[in-house]
Amino acid sequence: MTTTTPARGRRRAPSRMERAAGRAAAFQKPRVILALLLLLALTSVMLLDGYLRSEIGNDARVRDGAAYDKVPSRILDGGPLLTFDHGTATTQSVPDRTIVLTFDDGPTATWTPQVLKVLEENDVDATFFMVGSMISRYPGVVKSLVKQGNEVGIHTFTHVDLSYQSAARLQRELKQTQLALAGAAGVTTTLFRAPYSSEIDAVDNYSWPVYQEIGDLGYTSVFVDTDSDDWKKPGVSKIVGWATPKKNEGAIVLMHDAGGDRSQTISALGTYIKKMKAKGYTFTTVSGAQAMLNGNRSGVGRQSGSAGAGASAGAGIGGTGAAQAAQHQAAGATLYEGRALVYAVAVAEWVVPALSWFLLVVGIAVMGRFGMMLVLARRHHRQRNRGHGKGGRGGGRFSWGPAVTRPVSVIVPAYNEKECIANTLRSLAKSTHPIEIVVVDDGSDDNTSEIAESLGMPNVRVVRQENAGKPAALNNGVRTARHDIVVMMDGDTVFEPDAVHQLVQPFADPEIGAVAGNAKVGNRTTLIGAWQHIEYVMGFNLDRRMYDLLRCMPTIPGAIGAFRRDAVLGVGGMSEDTLAEDTDITIALHRAGWRVVYQEHARAWTEAPGSLRQLWSQRYRWSYGTMQALWKHRKSLTDKGPSGRFGRVGMPLVVLFQIVTPVFAPLIDVFTGYSMVFVDFRAALLAWLAVLAVQLVCAAYAFRLDREKYRYLAMLPLQQLAYRQMMYLVLIHSCVTALTGGRLRWQKLKRTGEVGTPAGAGR
């Protein structure tokens, strides 16, 4: 029998769909780019944070005991200030009874402010040789330090032994630290101290060329006369003693304001300053000492009794006084690049820890979900299979109630399904349950309806309509159905003979309004098909067992689902508001007070996408449609009574585990890859393998429940490395589309018709 039914109250479909296609094409590419740029930005922030923490590009080698025969003896016997004038090296010593306090490895938010406080209380300025990565992390400390009248010098960006580094690395270390200083305090400097350096007589054949190159760039290399060895934490008295120069000599004294617990340094600093002042010593900066050597003693340090930050002459951000003569006002590109660096680091400093904690919570939630799925899936299986086969237990055989034997209507929406429609209808002809078949041809132009009619099946009716989309076709089928239970399926799906009978048995319970069947991937012989097979068994059917027991089933699969006809009509039919009409109708039935269950024994075989392009298209639509449906039914969160159960339980679970968790899952993989490359390969690999093992256990149990062959699980590791990443990108793409207000059209997948009879069941 053939009837023709026009779409009700709709514009002509072709023009509408053409306009939708145009809009989709216009927005699609920018959204993909935006999603990729977002992921790239987050990855860049992580890499920046790792670089700042010396996890990337870190070189922990420190040279010791090298020969020094190529270093001029006058340099080795000279003072701690090394400069180069037109290639000629010159050294200078600090004047007698003069102390230049220097602090290395900072700044830090904990110890540097305490050092500044002691210096301020004792009217003393110092020179801080700072690490660029630390400067960019604590710019406020650097700004306060310079404003107080202290001087800054470069201690490289990542605290590496430069004697092992290339000329390009040396240039980069200097430039990046200058940019950090410019961004933090608006200054640059010509003072330099190499990491792991000490007295000048420790210069060797490897470090000497480095100092020559640095000198040619206009830097003054600053060594030490007296090392307090405060990093050893020997106690206050020893720090003071080791920092005291001999015989009233002048000295550049080394202390630290970073690198660990510096409480002993803080305690010793005030004592040391008072002791040396009592001996008649003057405190100044490196630039102040150089000015004194040149005969200028004006403004080289604070006078006793002066008060207030910046009391030294010329002190301030500009650094124009003698005590800060090595500092220069940053300007132009250097200033703006420096500010950009500091801002980028500020973002990384906030984003990375926040993401780390968030991903930890997500990881715990995912592991908890796996545990919950296993427990509830096992309970579901034992409950629904009670009294069946070897696993039968006491308590009686499970039953939905009196057997449902009355005829039902099977609705097959079809749009250009010439490759599949014959197999689909032949499988229904073998049904052990009495059915009528309603094929709704949604404006096909490939003779789909003619093929259906040519089979000559007496219980098949073909209803033709203008092309209006799958929801309209399903609604048309529901309206023309003759029975009170309707089974909906896709035009490319093949039912097992007892699928319909098994599917409708739950309707013996009058509270049940819809039933989700067990959809299987028929074309699983390819790699993409096998990946989807694993996903269907584990990700869909295991989930549905859990949701069934929680009474918050989110989706009845379009490939196999059954409904009370009155329930569908009662909620307004299949909605065209979303691209996921199956999720939309399921939530609507929940809100109408109906119960939705999962029937594992009702199996159907569907043709999954056979190419990555088709897979992306299908999953993009699914993800976006699910978001649309959740947003449409957001008021279910406040629904009362049984109708609000989905809002209270189901919606939070779907949002958390089908949207939020997958959206952030790529970052977990990025963190894992980052850790493998830059942090601890073994620990990161073991963590990844542990998660894979948990997933493998869940997948194996899901395969056991569905009586599937385990051999497909051999592809699970590769699925995690490739297929899962694609699904995450699809979801991110969908989220970007949703956030930017885009709309998608219905996307038709290319079919091959390779899924025939379910003879491959269980293979």
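Residues numbered from 1 in each chain as written. Predicted model: local features only at pLDDT ≥ 70, side-chain atom pairs only at ≥ 80, totals over all residues. Heavy atoms only, no water.

Participant: What exactly am I supposed to notice about the nonpolar core here?
Facilitator: If you look at the biggest cluster of nonpolar residues, it comprises 61 residues, and the most contacted ones within it are Leu-101, Leu-119 and Tyr-272. Element by element, the count of residues in this core is highest for helix α6 (residues 167-185), at seven residues. Apart from the residues lying within four places of it in its own chain, the contact partners of Leu-119 are Leu-101, Phe-103, Val-124, Ala-126, Phe-128, Gln-148, Asn-150, Leu-269 and Ile-273. (Core = buried A, V, L, I, M, F, W, Y, C linked by side-chain atoms within 4.5 Å. Buried < 20%, exposed > 50% of the residue type's maximum accessible area, 1.4 Å probe, protein only. Helix = DSSP H or I, 4+ residues; strand = E, 2+ residues; numbered from the N terminus. Contact = heavy atoms within 4.5 Å.)

Participant: Would you mind going over the environment of Gly-647 with me for this structure?
Facilitator: Looking at the secondary structure, you find Gly-647 in helix α20 (residues 645-679). Filtering out sequence-adjacent residues up to four positions away, Gly-647 remains in contact with Ser-636, Leu-637 and Pro-652.

Participant: Please explain the environment of Met-276 as it appears in this structure.
Facilitator: Tracing the backbone through its elements, the reader meets Met-276 in helix α9 (residues 263-278). A relative accessible area of 0% places Met-276 in the buried class. In sequence terms Met-276 and Thr-244 are 32 residues apart; their C-alpha atoms lie 7.8 Å from each other. Not counting residues within four places of it along the chain, the set of residues in contact with Met-276 comprises Ile-99, Thr-244, Pro-245, Tyr-281 and Phe-283.

Participant: Before we go on, may I ask you to explain the packing of aromatic side chains in this structure?
Facilitator: Aromatic ring pairs: the centre-centre distance and the angle between the two ring planes describe each pair. Considering all chains together, one arrives at five aromatic pairs under this definition. Their ring planes at 40° and their centres at 5.8 Å tell us that Phe-84 and Trp-208 sit as a pair that is tilted. Placement of the pair is Phe-84 in strand β2 (residues 81-85) and Trp-208 in helix α7 (residues 208-216), with a sequence separation of 124 residues. Judged by centre distance (6.4 Å) and plane angle (85°), the rings of Tyr-272 and Phe-283 are edge-to-face. A residue pair is termed long-range when its members are at least 10 positions apart, and Tyr-272 in helix α9 and Phe-283 in strand β12 (residues 282-284) qualify at eleven residues. Given a relative accessible area of 5%, Phe-283 falls into the buried group. Note that Arg-63 overlies the ring of Tyr-206, its terminal NZ or CZ placed 3.8 Å from the centroid. (Phe/Tyr/Trp six-rings, centres within 6.5 Å; stacked < 30°, edge-to-face > 60°. Lys NZ or Arg CZ within 6 Å of the ring centre and 35° of its normal.)

Participant: Whenever I open this one, unusual backbone geometry confuses me. Can you help?
Facilitator: Residues Gly-106 and Pro-107 are joined by a peptide bond in cis, for which omega reads 0°. Here Pro-107 lies in the loop between β4 (98-104) and α3 (111-121). With a phi close to 80°, Asp-105 is a non-glycine residue in the positive phi region. Of note, Asp-105 is situated in the loop between β4 and α3. In this structure, Lys-233 takes a positive phi of about 50° despite not being glycine. Relative accessible area serves as the criterion here: at 42%, Lys-233 is assigned to the partly exposed category.

Participant: Mind showing me how you'd approach the environment of Ile-668 here?
Facilitator: Tracing the chain through its elements places Ile-668 in helix α20. A C-alpha to C-alpha distance of 6.8 Å links Ile-668 and Leu-359, two positions 309 residues apart in sequence. In this structure, Ile-668 is in contact with Leu-359 and Val-362, ignoring residues within four places of it in sequence.

Participant: I would appreciate a short explanation of the pattern of salt bridges in the present structure.
Facilitator: Side-chain pairing between opposite charges can occur once the charged atoms of the two side chains come close. One pass over the full model with this rule turns up 22 salt bridges. When the shortest N-O distance is used, the salt bridge between Glu-173 and Arg-169 registers 2.8 Å. Of this pair, Glu-173 and Arg-169 both sit in helix α6, four residues apart, which is roughly one turn of the helix. On the basis of relative accessibility, which here comes to 1%, the residue Glu-173 falls in the buried class. We classify Arg-169 as buried; its relative accessible area is 9%. Of the charged contacts, one joins Lys-470 and Glu-581 as a salt bridge, the two residues approaching to 3.6 Å between their closest N and O atoms. Of the two residues, Lys-470 is situated in helix α14 (residues 470-480) and Glu-581 in helix α18 (residues 581-591); the sequence distance between them amounts to 111 residues. Here Lys-470 matches Glu-581 in class, with each residue buried. When salt bridges with common partners are traced through the structure, they connect Lys-520, Arg-524, Arg-545, Glu-600, Asp-706 and Glu-708 into a single cluster. (Salt bridge = Lys/Arg side-chain N within 4 Å of Asp/Glu carboxyl O.)

Participant: Explain helix α5 (residues 139-147) to me, please; I cannot follow it from the model alone.
Facilitator: Think of an α-helix as turning once every 3.6 residues; residues three or four places apart then point the same way. Listed in full, the buried residues belonging to α5 are Val-141, Val-142, Leu-145 and Val-146. In an axial view of α5, the angular spread of the buried residues amounts to 130°, which keeps them on one side of the axis. Where α5 is buried, its residues meet α3, β5 (127-130), α4 (132-137), β6 (151-154), α6 and β13 (327-329). Directly after α5, the chain includes Gly-149, whose backbone phi takes a positive value near 110°. (Arc of directions from axis to C-beta.)

Participant: Any chance you could explain helix α8 (residues 236-243) here in plain terms?
Facilitator: Ile-239, Val-240 and Ala-243 are the residues of α8 that are buried. Down the axis of α8, the buried set is contained in an arc of 95°. They therefore lie on one face. Turning to α8, the residues buried within the fold contact β10 (226-227), β11 (251-256) and α9.

Participant: Which parts of the structure should I look at to understand the side chain of Asp-639?
Facilitator: Note on placement: Asp-639 falls in the loop between α19 (612-632) and α20. Overall, the relative accessible area of 17% leaves Asp-639 in the buried class. Within the structure, the side chain of Asp-639 is placed 2.9 Å from the side chain of Arg-591, a separation counted as a polar contact. With residues up to four places along the chain from it excluded, the contact list for Asp-639 reads Arg-591, Gly-644 and Arg-648. (Polar contact = N/O pair within 3.5 Å; in protein donor to acceptor, adjacent residues only side chain to side chain.)

Participant: Can you help me understand a positive patch on the surface in this one?
Facilitator: Side chains of Arg-551, Lys-640, Arg-645 and Arg-648 sit close together on the surface and give a patch of like positive charge. Along the chain, the position of Lys-640 falls in the loop between α19 and α20. (Patch = residues over 30% accessible without salt bridge, like charges linked within 9 Å, V, L, I, M, F, W, Y side chains within 5 Å. Areas by Shrake-Rupley, 256 points an atom, 1.4 Å probe, with all protein chains shown as cover. Lys, Arg positive; Asp, Glu negative; His and termini not counted. Charge placed at Lys NZ, Arg CZ, Asp CG, Glu CD.)

Participant: Would you explain the confidence of the model for the protein chain in this entry?
Facilitator: Atomic detail in the predicted coordinates should be set aside for any region of low pLDDT. On average, the protein chain scores 84 in pLDDT, and the residues at 70 or more come to 86%. Low pLDDT, under 50, characterises residues 6-27; the stretch is placed with 16 contacts to residues that sit more than four places away or in other chains. Under a pLDDT of 50 for its full length, residues 303-317 has, in the predicted model, 38 contacts with residues more than four places off or in other chains. (pLDDT = per-residue confidence, 0-100.)

Participant: Even after reading the chapter, I still don't get empty space enclosed by the protein, so can you show me in this structure?
Facilitator: A probe matching the size of a water molecule, rolled over the atoms, marks out where space remains unfilled. Applying the stated criterion across every chain yields a total of one cavity of 30 Å³ or more. A volume near 80 Å³ is recorded for the largest cavity. As for the largest cavity, its lining consists of 14 residues, and the residues nearest its centre are Met-488, Pro-557, Gly-558, Met-574 and Asp-582. Every element with two or more residues in the lining of the largest cavity is listed here: α14, β17 (485-489), β20 (560-564) and α18. Counting residues per element, the lining of the largest cavity draws most heavily on α18, at three residues. Looking at the lining of the largest cavity, its residues break down into eight nonpolar, two polar and four charged. (1 Å grid on protein atoms, 1.4 Å probe; cavity = no way out; pocket = protein on both sides within 12 Å on 5 of 7 lines; lining within 4 Å. Points joined across faces, edges and corners; volume = space filled by probe spheres on them. Nonpolar A, V, L, I, M, F, W, Y, C, P; charged D, E, K, R; others polar.)

Participant: Which parts of the structure should I look at to understand a nonpolar patch on the surface?
Facilitator: Residues Trp-357, Leu-360 and Ile-364 make up a contiguous nonpolar surface patch of about 380 Å² in total accessible area. Looking at where Trp-357 falls in the secondary structure, it is placed in helix α11 (residues 332-384). Looking at Trp-357, the relative accessible area reads 61%, which means it is exposed.

Participant: Can you walk me through the packing of α8 against α9 in this structure?
Facilitator: What describes two packed helices is the angle between their axes and the distance between those same axes. Their axes nearest at 9 Å, the elements α8 and α9 cross at an angle of 50°. Classified by the angle between their axes, α8 and α9 sit oblique to one another. Here the hand of the crossing between α8 and α9 comes out right-handed. Where α8 abuts α9, its residues Val-236, Ile-239, Val-240 and Ala-243 lie against Gln-264, Thr-265, Ser-267, Ala-268, Thr-271, Tyr-272 and Lys-275. Taken together, the residues of the contact of α8 with α9 sort by class into six nonpolar, four polar and one charged. (Axes fitted to C-alpha atoms, helices over the stretch in contact; angles between N-to-C directions. Parallel < 35°, antiparallel > 145°, perpendicular 65-115°, else oblique. Left-handed = near helix turned anticlockwise from the far one by under 90°.)

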